[in-house]
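Tertiary structure, described
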Amino acid sequence: MRDVDADAGGGANCGDGQGDHSCPGGADTPAAPASRAPLPHASGPGRDAASVARGPGMRPHIFTLSVPFPTPLEAEIAHGSLAPDAEPHQRVVGKDLTVSGRILAVRWKAEDCRLLRISVINFLDHLSLVVRTLQHFGPPVSR
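Residues numbered from 1 in each chain as written. Predicted model: local features only at pLDDT ≥ 70, side-chain atom pairs only at ≥ 80, totals over all residues. Heavy atoms only, no water.

Where we set the bar: UniProt positions are given in the numbering used here, feature names are shortened, and annotations may be inferred rather than shown by experiment.
Under an unreviewed UniProt entry, the name given to the protein is L antigen family member 3, and the source organism is Pongo abelii. Database annotation for the protein, UniProt heading Sequence similarities (unreviewed entry): "Belongs to the CTAG/PCC1 family." You can read under Subunit (unreviewed entry) in the UniProt record for the protein the words "Component of the EKC/KEOPS complex composed of at least GON7, TP53RK, TPRKB, OSGEP and LAGE3; the whole complex dimerizes."

**Quick notes on the environment of Ser 100**
Stated formally: A helix here means a DSSP run of H or I that spans at least four residues, while a strand means a run of E at least two residues long, and both kinds are numbered starting from the N terminus.
Looking at the secondary structure, you find Ser 100 in strand β2 (residues 93-100). With 25 residues separating them in the primary sequence, Ser 100 and Ala 75 have C-alpha atoms 8.4 Å apart.

**A closer look at the pattern of salt bridges**
Just so we agree on the cut-off: We define a salt bridge as a contact between a side-chain nitrogen of Lys or Arg and a carboxyl oxygen of Asp or Glu at a distance within 4 Å. For every residue, the accessible area (1.4 Å probe, protein chains only) is compared with the maximum for its type, and the residue is labelled buried under 20%, exposed over 50%, or partly exposed between those bounds.
In this structure the tally under the stated criterion is one salt bridge. Arg 114 serves as the salt-bridge partner of Asp 112, at 3.5 Å between the closest nitrogen and oxygen. The partly exposed category is assigned to Asp 112, whose relative accessible area is 23%.

**Digging into the sheet that holds strand β3 (residues 103-110)**
So the rule is basically this: Strands qualify as paired when DSSP identifies two bridges or more between them. Geometry is summarised by axes, namely lines fitted to C-alpha atoms with helices restricted to the contacting stretch, and by angles between N-to-C directions that run from 0 to 180 degrees.
Strand order across the open sheet formed by three strands is β1-β3-β2, with antiparallel pairing between neighbours. For this open sheet the edge positions go to β1 (61-68) and β2, each flanked by a neighbour on one side alone. The sheet shows a mean angle of 15° between the axes of neighbouring strands, direction not considered. Of the strand pairs in this sheet, β1 and β3 are connected by eight bridges, and their pairing is antiparallel. Bridged to Thr 64 within β3 is Arg 107.

**Describing the packing of aromatic side chains**
Selection rule: Stacked, edge-to-face and tilted labels apply to pairs of Phe, Tyr and Trp rings (six-membered ring for Trp) whose centres lie within 6.5 Å, assigned for plane angles under 30 degrees, over 60, and everything in between, in that order.
What the rule picks out here adds up to two aromatic pairs. With centroids separated by 5.6 Å and ring planes inclined at 45°, the aromatic side chains of Phe 63 and Trp 108 adopt a geometry described as tilted. Here Phe 63, found in strand β1, pairs with Trp 108, found in strand β3; they are 45 residues apart in sequence, far enough to count as distant. Overall, the relative accessible area of 0% leaves Trp 108 in the buried class. With centroids separated by 5.3 Å and ring planes inclined at 80°, the aromatic side chains of Trp 108 and Phe 123 adopt a geometry described as edge-to-face. One end of the pair, Trp 108, is in strand β3; the other, Phe 123, is in helix α4 (residues 113-137), with 15 residues separating them in the sequence. An identical accessibility class is assigned to Trp 108 and Phe 123; each is buried. Taken together, the ring pairs connect Phe 63, Trp 108 and Phe 123 into an aromatic cluster.

**Structural notes on the nonpolar core**
Cut-off, in case you're wondering: Buried residues of nine kinds, namely Ala, Val, Leu, Ile, Met, Phe, Trp, Tyr and Cys, make up a nonpolar core once their side-chain atoms join them within 4.5 Å. Note on contacts: a residue pair is in contact if any heavy atoms of the two residues lie within 4.5 Å.
Core analysis: the largest hydrophobic core is formed by 18 residues, its most contacted members being Phe 69, Leu 82, Leu 104, Trp 108 and Phe 123. Where this core is concerned, the elements lending two or more residues are α3 (72-82), β2, β3 and α4. Looking at this core element by element, the count peaks at seven residues for α4. Those residues in contact with Leu 104, other than ones at most four positions away along the chain, are Leu 65, Ser 66, Val 67, Phe 69, Ala 78, His 79, Leu 82, Leu 97, Thr 98, Val 99 and Phe 123.

**Quick look at α3**
Spelled out, the test is: For this quantity, the arc is that covered by the directions from the helix axis to the C-beta atoms.
Among all positions in α3, only Glu 74, Ala 75, Ala 78 and Leu 82 are buried. One face of α3 carries all of its buried residues, which in axial projection span an arc of 100°. Against β2, β3 and α4 lie the buried residues of α3.

Next comes the structure, spelled out in structure tokens:
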């Protein structure tokens, strides 16, 4: 029987614009030893340990999604339902939601491609629930 957790991390495209490759630390990467060296401390104003650990020249991973709705009101309702969900890893994953007409646009920026993947999957689960709810109750009534 295969280990389910082993399948969760491997083979994901990091989406950094530098060709297709697996995320570091995925299922196709050997496990790191239990005693890992501590992350470097931030040095200088405005720097955090994550940016130091990422190294110079490494760009964050960015993912954008545009979701069309039948009406601008439904896009606003979806935005209102999805926007309050804060990212659990706010220091390494950022998420911005905007509405333009009937389009809900979402933009993620993340240091770690695995956390980005988790955030996108969770968002899609919530989006699915919002869309099904809107469909179940029919088109909204204008106020």
